[in-house]
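Chain by chain, the residues:
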Amino acid sequence: MLNSNIPAGPLDSKWEDYKGHVKLVNPANKRSLEVIIIGTGLAGASAAASLGELGYKVKAFCFQDSPRRAHSIAAQGGINAAKNYQNDGDSVFRLFYDTIKGGDYRAREANVHRLAEVSANIIDQCVAQGVPFAREYGGLLSNRSFGGTQVQRTFYAAGQTGQQLLIGAYQALERQVALGNVEMYTRHEMLDVVVIDGKARGIIARNLITGELERHFGHAVLLCSGGYGNVFYLSTNAMGSNVTAAWKAHKKGAYFGNPCFTQIHPTCIPVTGDHQSKLTLMSESLRNDGRIWVPKQKNDPRKPNEIPEEERDYYLERRYPAFGNLVPRDVASRAAKERCDAGYGVGSSRQAVYLDYASAIERYGKIECRKHSIENPSPEEIRKHGMDVVKEKYGNLFDMYNKITGEDPYTTPMRIYPAVHYTMGGLWVDYELMTTVPGLYALGEANFSDHGANRLGASALMQGLADGYFVIPYTIGNYLAGEIRTAIIPTSHPAFEAAEKAVADRISQLKHINGTQSPESFHKRLGKIMWDKCGMARNEAGLKEAIEEIRALKAEFWRDVRVTGEIGEFNPELDKAGRVADFIELGELMCMDALQRRESCGGHFREEMQTEDGEAKRDDEHFAFVAAWEYKGDGWDLHKENLEFEVAHPTQRSYK
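Residues numbered from 1 in each chain as written. Predicted model: local features only at pLDDT ≥ 70, side-chain atom pairs only at ≥ 80, totals over all residues. Heavy atoms only, no water.

**Concerning the overall build of the chain**
Along the chain, the regular secondary structure elements total 17 helices and 19 strands. Across its three principal axes, the chain shows a C-alpha extent of roughly 80 × 55 × 50 Å. Out of the 656 residues belonging to the chain, those deemed buried represent 61%. Of the contacts made within the chain by residues no fewer than 6 positions apart, 74% connect residues no fewer than 24 positions apart. (Helix = DSSP H or I, 4+ residues; strand = E, 2+ residues; numbered from the N terminus. Buried < 20%, exposed > 50% of the residue type's maximum accessible area, 1.4 Å probe, protein only. Contact = heavy atoms within 4.5 Å.)

So, in structure tokens, the structure goes:
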């Protein structure tokens, strides 16, 4: 039976009451307790820095050559916090409600409310670290809007917010490394969790430079390894992003929650051909000022600037007047797909829509001309001043688009199309962020807990830092208080030996198949199956076909994959093969999860379950639960955590 360990009492006081009654570990005892952290993105770096500062002995692992290369660095648009600096009606409750509603009522209320509560602390923490958030003329921190909200609560550092936040967390981590509280292991990949007497007690890691396997003991293990969007092959994730750490934990007993909940981001640079290995995100912040449209004429051959205003369909503003271009990501993505499928797409592929900044440049230009006391400004003057404002707010994003496409977005509308970006599913965790394996925790995108079926923009950075800086320092103590008498277990223990042997045997098996196909080719084929049949839209027939195709692909992989190079050396091809093998197994589970969830909610859109006007149709009577899957060796068992809504009672989502 799943126990979410949600504290009793009113929703808005659960976290404070929890902190007041949680077990503590005294400073002397912390020095004898070891914690392993996998991943050094925002969740991992902040957790390692925080736990190191508290006095725990921390070992942090990442497969990159530096923690600063974690994929958190790629986040662009911003981080949410309920500061209400704009005095526009924001509050902790409104951030909580927007998140629950944006996730289509498939998130756990208690976790989401806690996230909203600590959001304001995150901004103060980051400012103290020197994160260069954008500021207003008077020096106050600036905010902008993101999808799914009607307030301005997103703090940002131009279009590189993730980079600046990660540098802040990284320098806090490196301070603890310098003090000897954190031991950093770069170029190491976790390949198994060691479980002793039912508790997580360490890991098996592979040194990616030498190929050696290493054993590491820990009183607790924290997985901060990010999401699994690369199961689709083409996504906005870094090429190295993978599911392996979470998947190894899953196969050792950690339930996997809501694996089919995938976020499709509406503003990505469209696919240009089979040569691509990843996609590029254009920040959702661009929807703050940009207007999205398609021609009213099907297959219109004209260039965008040749199409007059009256022949343009600003379809989001037409369909969702209350939110316009700032509807949530799942709504905007499906709307773009619908227009393109109906024949109104643009570009050579017809699989794109326009994101246009002409009206924003004109609006800002007129305001700036007034500031400069320019009477009767010419169109050229208006345009010049307007472009200066847009460059200041979004310049690096416009430059990135220009370098990738060769088009100038200041003069020609951007072409965008939805793409895989984030995964709301992940390892099931309770209120304390512990998985179903005692002593094994999951933080940030690696867990399922905060975003329901659709993450609101600018909430991923918020969750990662909330989990690392403000949640896990309290909740892990509640567990470790009972472990202070547990002596360090030598890595010669039979459980470590058995785990290392299993890892070595699997690596040897992969290397000695000596087939004819590369790991990359299998990954690409898996991605096509997933995108076509478990992507932006799913249906029963397609999902059943996908499951059979993935099972056949798995059999072919283990029969015909070819891994070049040797085991005892730097071998990215071997690393890739192991990750693809895990992705194939995950893909099957994702399709099984999508098949059993006979409703449409958030990013999970079952074509059989939609309203008359094409919106997602939830089934709260039968599917208001978290699907938590237990690995059984030859398949999976489904467990359900029923979602209780005490405050944000489910209603049909409407952004009209």
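**What about the pattern of salt bridges?**
Applying the stated criterion across every chain yields a total of 58 salt bridges. A salt bridge links R415 to E407, with the shortest nitrogen-to-oxygen separation between them at 3.0 Å. Residue E407 is classed as partly exposed on the basis of its relative accessible area, which comes to 25%. The residue D532 makes a salt bridge to K528 at a minimum N-O spacing of 2.9 Å. Here the residue D532 and the residue K528 both occupy positions in helix α14 (residues 519-534), the gap between them amounting to four residues, near one helical turn. Linked by salt bridges that have partners in common, D104, R106, D330, R334, R597, E599, R618, D620 and R653 make up one network. (Salt bridge = Lys/Arg side-chain N within 4 Å of Asp/Glu carboxyl O.)

**Digging into helix α12 (residues 460-480)**
The sharpest bend along α12 measures roughly 60 degrees and falls at V471, with the proline P473 sitting one to four residues further on. For α12, the tally of buried residues reaches 19 of 21 residues, placing the bulk of the element in the interior. (Bend = angle between axes of the 7 residues up to and from the residue.)

**Description of the domain arrangement of the chain**
The parts lose accessible area when they come together, and the size of an interface is often stated as this lost area. Taken domain by domain, the chain consists of domain 1 (266-419) and domain 2 (507-619). With centres defined by C-alpha atoms, the gap from domain 1 to domain 2 works out at 33 Å. Together domain 1 and domain 2 conceal approximately 750 Å² of surface at their shared face, both sides included; 55% is due to carbon and sulfur atoms. Linking domain 1 with domain 2 are one salt bridge, by the criterion used here. (Domains from an automatic or database assignment. Buried area = accessible area lost by both parts, 1.4 Å probe.)

**Observations concerning the packing of helix α5 (residues 109-129) against α12**
Remark: α5 packs on α12, axes separated minimally by 9 Å, with the N-to-C direction vectors making an angle of 100 degrees. Judged by the inter-axis angle, α5 sits roughly perpendicular to α12. On α12, the residues touching R114, L115, V118, S119, N121, I122, Q125, C126 and Q129 of α5 are M462, Q463, L465, A466, Y469, F470, V471 and T475. Classifying every residue of the contact of α5 with α12 by side-chain character gives ten nonpolar, six polar and one charged. (Axes fitted to C-alpha atoms, helices over the stretch in contact; angles between N-to-C directions. Parallel < 35°, antiparallel > 145°, perpendicular 65-115°, else oblique. Nonpolar A, V, L, I, M, F, W, Y, C, P; charged D, E, K, R; others polar.)

**A few points about the nonpolar core**
If you look at the biggest cluster of nonpolar residues, it comprises 154 residues, and the most contacted ones within it are I79, L222, Y441 and I476. It is helix α16 (residues 572-596) that provides the largest number of residues to this core, a total of 13 residues. Leave out the neighbours within four places in its chain, and Y441 touches A220, V221, L222, L223, E432, L433, M434, T435, I472, T475, I476 and Y479. Counting 34 residues, the second-largest nonpolar core is a separate cluster that includes I269, I361, Y394 and Y655. (Core = buried A, V, L, I, M, F, W, Y, C linked by side-chain atoms within 4.5 Å.)

**A few points about the sheet that holds strand β1 (residues 34-38)**
An order of β5-β2-β1-β9-β17 is seen for the five strands of this open sheet, with the pairing classed as parallel. Every interior strand has two partners, whereas the edge strands, β5 (182-185) and β17 (440-442), have only one. Strand-to-strand twist in this sheet, taken as the mean axis angle between neighbours without regard to direction, amounts to 20 degrees. In this sheet, β5 lies alongside strand β2 (residues 57-61) in parallel orientation, the contact comprising four bridges. Note that in β5 the partner of F61 across the bridge is Y185. (Pairing = 2+ DSSP bridges.)

**Brief notes about helix α10 (residues 358-371)**
The end-to-end C-alpha distance of α10 is 20 Å, a good match for the 20 Å that 14 residues give at a rise of 1.5 Å each. Restricting attention to buried positions, one finds in α10 the residues A360, I361, Y364, G365, E368 and C369. What you see down the axis of α10 is that its buried residues fit within an arc of 160 degrees, all on one side. Contact partners of the buried residues in α10: α11 (379-405). Phi for S373, located one or two positions after α10, is positive at around 55 degrees. (Expected span 1.5 Å × (residues − 1). Arc of directions from axis to C-beta.)

**Re unusual backbone geometry**
The backbone phi angle of D104 is positive, close to 55 degrees, even though this residue is not glycine. Turning to its location among the elements, D104 is positioned in the loop between α4 (92-102) and α5. Among the residues examined, D104 registers a relative accessible area of 2% and is labelled buried. Residues other than glycine seldom take positive phi values, yet Y233 does so here, at roughly 65 degrees. The residue Y233 is located in the loop between β9 (220-223) and α7 (244-251) in this model.

**Here's the deal with the sheet that holds strand β19 (residues 636-642)**
Read across the open sheet, the four strands follow the order β16-β10-β18-β19; overall the sheet is antiparallel. A single partner strand is all that each edge strand has here, and the edge strands are β16 (426-427) and β19. With seven bridges joining them, strand β18 (residues 625-631) and β19 adopt antiparallel strand pairing. Pairing of F625 across the sheet is with N642, part of β19.

**Quick word on the environment of P519**
Relative to the helices and strands, P519 is located in helix α14. What makes P519 buried here is its relative accessible area of 0%. Remark: the alpha-carbon pair of P519 and G39, spanning 480 residues in sequence, is separated by 23 Å. Beyond its immediate stretch of four places on either side in the chain, P519 contacts V561, R562, E573, K576, A577 and V580.

**Describing the packing of aromatic side chains**
Summed over the entire model, instances satisfying the criterion amount to 25 aromatic pairs. Here the aromatic rings of W293 and Y354 are separated by 4.8 Å at their centres, their planes lie at 45 degrees, and the arrangement is tilted. Here Y354 lies in strand β14 (residues 353-356) and W293 lies in strand β12 (residues 291-295), a separation of 61 residues in the sequence. We note that W293, like Y354, is buried. Taking 5.4 Å as the distance between ring centres and 80 degrees as the angle between the ring planes, the aromatic pair formed by F557 and W558 counts as edge-to-face. One Lys or Arg, R144, reaches over the ring of Y156 and ends 3.7 Å from the middle of that ring. (Phe/Tyr/Trp six-rings, centres within 6.5 Å; stacked < 30°, edge-to-face > 60°. Lys NZ or Arg CZ within 6 Å of the ring centre and 35° of its normal.)

**Some points on the pairing of β18**
Within β18, six of the seven residues are buried, which leaves it mostly tucked inside the rest of the structure. Here strand β10 (residues 256-257) runs beside β18; their pairing, made up of two bridges, is antiparallel. Bridge pairing links F256 to W629 in β18. Counted along the chain from β18 to the antiparallel partner β19, the turn is four residues long, and its residue G633 has a positive phi close to 90 degrees.

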